[in-house]
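Structure assessment
Each chain, letter by letter, is given below.
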Amino acid sequence: MGCCMGKERSDEEEKIDFKGGNVHVITSKEHWDQKIAEANKDGKIVVANFSASWCGPCRVISPVYAEMSQTYPQLMFLTIDVDELMDFSSSWDIRATPTFFFLKNGQQVDKLVGANRPELEKKVAALADGA
């Protein structure tokens, strides 16, 4: 399991393409609120990935996350770049990336820190079965 605790990047490093599959890239607090409201209205559980473009483990788990978003359309998959939305990420007490939050009706029901693919897949599958 890997996770990043702080910036270790050079400016030449390319950014991760967080898009793909059925992942919604959150660009503002308002966009977050809109997606959470949409998920609540549709009765969907939200999987929120707080990630960073410079984080190696985030790069590794990103395509897996995108693939899961297609496998489980009954869930809503969001990605938040902690560098783009620093204040918002701080309000979630993000200490390492990636950090995954699982939300139902806007409330946290579970959390996973690190790029632990088997654990992420297990948690997502369990939530999808209950959705």
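Use the structure listed above.
Now for a description of the structure that goes with this document. (Residues numbered from 1 in each chain as written. Predicted model: local features only at pLDDT ≥ 70, side-chain atom pairs only at ≥ 80, totals over all residues. Heavy atoms only, no water.)

A word on the nonpolar core
Under the convention used in this document: The set of buried Ala, Val, Leu, Ile, Met, Phe, Trp, Tyr and Cys residues whose side-chain atoms join them within 4.5 Å is what this entry labels a nonpolar core. For every residue, the accessible area (1.4 Å probe, protein chains only) is compared with the maximum for its type, and the residue is labelled buried under 20%, exposed over 50%, or partly exposed between those bounds. Comment: elements are numbered from the N terminus, with helices defined as DSSP H or I runs of at least four residues and strands as E runs of at least two. Here, residues are in contact when the closest pair of their heavy atoms is within 4.5 Å.
Judged by nonpolar contacts, the single largest core of 21 residues is most densely connected at Trp 32, Val 46, Phe 50, Leu 78 and Ile 80. Those elements that place two or more of their residues in this core are helix H1 (29-42), strand E2 (45-51), strand E3 (75-81) and strand E4 (99-104). Here Phe 50 is in contact with Ile 80, Val 82, Phe 88, Ser 89, Trp 92, Ile 94, Thr 97, Pro 98, Thr 99 and Phe 101, once residues within four sequence places are set aside. One finds Ile 45, Val 47, Leu 75 and Phe 77 within the second-largest nonpolar core, a separate group that totals 19 residues.

Overview of H1
In an α-helix there are 3.6 residues to a turn, and that puts residues three or four apart on one side. Here is the rule we go by: By definition here, a helix of n residues has an expected span of 1.5 Å times n minus one. Each C-beta atom gives one direction from the helix axis, and the arc is the one those directions make.
Helix length check: H1 (14 residues) gives 20 Å between terminal C-alpha atoms against 20 Å at 1.5 Å per residue, within 8%. Residues of H1 that are buried include every one of His 31, Trp 32, Lys 35, Ile 36 and Ala 39, and no others. Angular distribution of buried residues about the axis of H1 spans 130 degrees; they occupy a single face of the element. Facing away from the buried side of H1 by more than 90 degrees, the exposed set consists of Glu 30 and Lys 41. Of the surrounding elements, those touching the buried residues of H1 are strand E1 (23-26), E2, E3, helix H3 (86-91) and E4. With its phi angle positive at about 70 degrees, Gly 43 sits one or two positions after the end of H1.

Notes on the packing of helix H2 (residues 56-71) against helix H4 (residues 117-130)
Any two packed helices are characterised by the angle at which their axes cross and by the distance between the axes. Heads up, the rule is: For every element, the axis is a line fit to its C-alpha atoms; helices are fit only across the contacting stretch, and the angle between N-to-C directions ranges from 0 to 180 degrees. For this classification, under 35 degrees means roughly parallel, over 145 means roughly antiparallel, 65 to 115 means roughly perpendicular, and everything else is oblique. We call a crossing left-handed when the near helix sits turned anticlockwise from the far one by less than a right angle, and right-handed when that turn is clockwise.
Closest axis-to-axis distance for the H2/H4 pair is 11 Å, and the angle between their directions is 20 degrees. One way to sum up the angle between H2 and H4 is to call them roughly parallel. Crossing of H2 against H4: the hand is right-handed. Contacts between H2 and H4 involve Ile 61, Val 64, Glu 67 and Met 68 from the first element and Arg 117, Leu 120, Glu 121 and Val 124 from the second.

What to know about the pattern of salt bridges
Our working definition: Any Lys or Arg side-chain nitrogen located within 4 Å of an Asp or Glu carboxyl oxygen qualifies as a salt bridge.
On inspection of all chains with the given rule, the structure shows eight salt bridges. For the salt bridge of Lys 35 with Glu 38, the shortest nitrogen-to-oxygen distance reads 3.3 Å. Residue Lys 35 and its partner Glu 38 are both found in helix H1; the two are separated by three residues, about one turn of the helix. For Lys 35, a relative accessible area of 9% corresponds to the buried category. Classification of Glu 38 by relative accessible area gives partly exposed; the value is 27%.

Examining the environment of Ile 61
Tracing the sequence through the fold places Ile 61 in helix H2. Take Ile 61: its relative accessible area is 2%, and that puts it in the buried class. Residues within four places of Ile 61 in sequence aside, it is in contact with Pro 98, Phe 100, Ala 115, Arg 117 and Leu 120.

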